[in-house]
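Commentary on secondary and tertiary structure
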Amino acid sequence: MSLFDRLVVATLPFIPRVIVGKVASQYIAGVTLADAVNVVQRLNQQGLLTTIDVLGEFTDRREEAERSTDKYIEVLDTIVAEKLEGNISVKLTALGLSIDPRFGRTNLWRVVKSAADRHIFVRIDMEDSPHTTETLEIYDELRREFNVGVAVQAYLKRTMDDVIRLMAKGPANFRLCKGIYVEPEEIAYKGREEIRENYMALLDRMLAGGAYVGIATHDEVLLNRSEELIKKYRLTREQYEFQMLLGVRHDLRRQLLSHGHRIRTYVPFGDAWYGYSTRRLKENPQIAGYIVKSFFGK
Ligand code: FDA
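First things first, this report covers the structure right here in the doc.

Glancing now at the site of the ligand. The full set close to the ligand counts 25 residues, and G179, T217, H218, E283 and N284 are the nearest of them. R175 is positioned with one of its side-chain polar atoms (N or O) 3.1 Å from a nitrogen atom of the ligand. Between R280 and the ligand, the recorded distance is 3.0 Å, taken from a backbone N or O atom to a nitrogen atom. For the ligand, whose unbound accessible area comes to 930 Å², protein coverage reaches 86%. Of all the secondary structure elements, the ones that give two or more residues to the shell around the ligand are β4 (148–153), β5 (173–177), β7 (240–245) and α11 (274–283).

Here we take up the packing of aromatic side chains. Under the definition given, this model contains four aromatic pairs. A ring pair is formed by W109 and F146, whose centres lie 6.2 Å apart and whose planes are at 75°; its orientation type is edge-to-face. Here W109, found in helix α5 (residues 101–117), pairs with F146, found in the loop between α6 (132–142) and β4; they are 37 residues apart in sequence, far enough to count as distant. Using a relative accessible area of 43% as the deciding quantity, one classes W109 as partly exposed. The class of F146 is buried, set by a relative accessible area of 11%.

The next point concerns the pairing of strand β8 (residues 263–269). Among the seven residues in β8, seven count as buried, and that is most of the element. The sheet contact formed by strand β1 (residues 49–54) and β8 spans six bridges and is parallel. From the neighbouring strand, I52 faces β8, where its bridge partner is V267.

Every buried residue belonging to helix α7 (residues 159–169) is among T159, M160, D162, V163, L166 and M167, and all of these are buried. On an axial view of α7, the arc spanned by its buried residues comes to 160°, and they lie on one face. Exposed and facing more than 90 degrees away from the buried side of α7 are D161, A168 and K169. Buried positions along α7 lie against α6, β4, β5 and α8 (192–208). Backbone geometry just downstream of α7 places G170 in the positive-phi region, at approximately 155°.

Bringing the side chain of E227 into the picture now. Mapped onto the elements of the fold, E227 is located in helix α9 (residues 220–232). Separated by 2.7 Å, the side chains of E227 and H261 make a polar contact. In contact with E227, not counting residues within four places along its chain, are F242, L256, H259 and H261.

Below, the discussion takes up the side chain of S89. Structurally, S89 is set in strand β2 (residues 86–90). Looking at S89, its side chain comes within polar contact range of the side chain of R175, at 2.9 Å.

To continue, consider the nonpolar core. Counting 73 residues, the largest nonpolar core has I88, V90, F174, L176 and M206 as the members making the most contacts within it. A total of seven residues in this core trace back to one element, the largest contributor, which is α8. Sequence-distant contacts of V90, that is, excluding residues within four places in its chain, are made with Y72, L95, L108, V111, V122, R123, I124 and D125. Counting residues in each nonpolar core, the second largest holds 13 residues, with I15, L55, Y266 and L281 among its members.

To continue, consider the sheet that holds β5. Pairing within the closed barrel is parallel, and its eight strands lie in the order β1-β2-β3-β4-β5-β6-β7-β8. Averaged over all adjacent pairs, the angle separating strand axes in this sheet is 30°, with direction ignored. With respect to the sheet, α6 is in contact with β3 (122–124), β4 and β5, its orientation differing from that of β4 by roughly 155°.

Time to look at the packing of helix α2 (residues 17–24) against α11. The contact between α2 and α11 brings their axes to 10 Å, and the two run at 65°. With respect to the hand of their crossing, α2 and α11 are arranged in left-handed fashion. Taking contact as the criterion, the partners of R17, V20 and A24 in α2 are, on α11, Y274, S277, T278 and L281.

Here we come to the packing of α7 against α8. Taken N-terminus to C-terminus, the directions of α7 and α8 make an angle of 5°; their axes are 10 Å apart at the nearest point. Classified by the angle their axes make, α7 and α8 are roughly parallel. In contact with T159, M160, V163, I164 and M167 of α7, α8 contributes A201, L202, R205 and M206. Of the residues belonging to the contact of α7 with α8, the class tally is seven nonpolar, one polar and one charged.

Criteria and thresholds
- Residues numbered from 1 in each chain as written.
- Predicted model: local features only at pLDDT ≥ 70, side-chain atom pairs only at ≥ 80, totals over all residues.
- Heavy atoms only, no water.
- Near = heavy atom within 4 Å.
- Polar contact = N/O pair within 3.5 Å; in protein donor to acceptor, adjacent residues only side chain to side chain.
- Areas by Shrake-Rupley, 256 points an atom, 1.4 Å probe, with all protein chains shown as cover.
- Helix = DSSP H or I, 4+ residues; strand = E, 2+ residues; numbered from the N terminus.
- Phe/Tyr/Trp six-rings, centres within 6.5 Å; stacked < 30°, edge-to-face > 60°.
- Buried < 20%, exposed > 50% of the residue type's maximum accessible area, 1.4 Å probe, protein only.
- Pairing = 2+ DSSP bridges.
- Arc of directions from axis to C-beta.
- Contact = heavy atoms within 4.5 Å.
- Core = buried A, V, L, I, M, F, W, Y, C linked by side-chain atoms within 4.5 Å.
- Axes fitted to C-alpha atoms, helices over the stretch in contact; angles between N-to-C directions.
- Left-handed = near helix turned anticlockwise from the far one by under 90°.
- Parallel < 35°, antiparallel > 145°, perpendicular 65-115°, else oblique.
- Nonpolar A, V, L, I, M, F, W, Y, C, P; charged D, E, K, R; others polar.

Listed below in structure tokens is the structure:
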């Protein structure tokens with residue numbers, strides 16, 4: 001990131017939420033479930049699969065975690081009622097894992113059981129490193145009984161060991177992403193190329209070992225190399241999928257569709273949009289730059 005980009009990102013917290021919200025709206029479906037349904041229906045019509053995320057994370061309030069849990073169950077009902085091509089993505093800290101692990105697990109179990117009753121898959125998002133071990137343990141427990149998968153991060157040095165261990169224990173379903181949180185150097189790769197190398201090493205290991213993988217990236221280098229691996233292992237389109245975030249690189253989505261792959265779009269919605277949106281904007285300082293400029297009127 002250039003010095004200018006770093007400056008732009010550092011300025012973001014001082015920009016009023018309403019202005020950030022205007023530009024960030026490209027990354028979220030809206031505030032209500034009806035907004036999410038509209039977006040999902042539009043994406044489904046374009047031949048895209050979806051995963052719906054109720055925005056929220058790191059909550060320290062029980063009522064909020066319970067509200068998120070109930071909202072997820074409403075989403076599951078709606079997927080069935082509206083016949084949407086979609087599953088759900090959940091963040092454990094939104095369901096109260098950091099308030100009290102038992103409370104968080106009970107909420108998660110309610111969501112996962114409700115999804116199973118409706119034959120809907122659940123993906124557990126991966127959050128920052130203090131939660132990695134517990135998230136993987138919970139995934140490992142749940143997968144014995146339910147149709148669930150977990151996200152893993154290529155920037156973490158531990159991920160290869162985690163993946164090998166999980167794959168040795170049974171069929172695995174991963175979303176492979178680079179990782180979005182700021183992690184210390186001791187545990188995380190920092191260079192663009194070393195993260196890419198680890199991403200490809202992980203993907204190779206997963207595909208060679210028969211894991212189902214959601215290849216979650218907009219990095220063209222990784223997408224090209226992933227397509228080569230898919231050819232190398234002669235995978236059918238049911239054995240993997242590509243995944244992208246709402247509002248990011250429509251051109252690549254169209255390109256992958258035209259190559260015959262399945263693509264799933266991550267569709268976040270809800271009133272807790274600020275944290276998610278500012279992370280997206282920090283990934284893309286060019287857009288963040290427009291906000292800063294428009295705010296300062298230059
Ligand atoms: P990279 O950041 O290099 O981006 C490649 C290109 O994509 C850029 O050059 C730009 O053109 C475009 N681009 C990327 N971000 C953009 C943006 N915000 N706006 C506009 N253009 C943009 N992380 C995590 O820690 N836990 C998780 O559970 C998940 N889950 C998840 C699900 C899905 C479906 C995706 C696609 C990603 C995640 N992530 C995640 C986020 C992921 O870890 C990563 O931070 C982003 O995907 C950006 O990394 P890329 O691999 O896209 O490469």
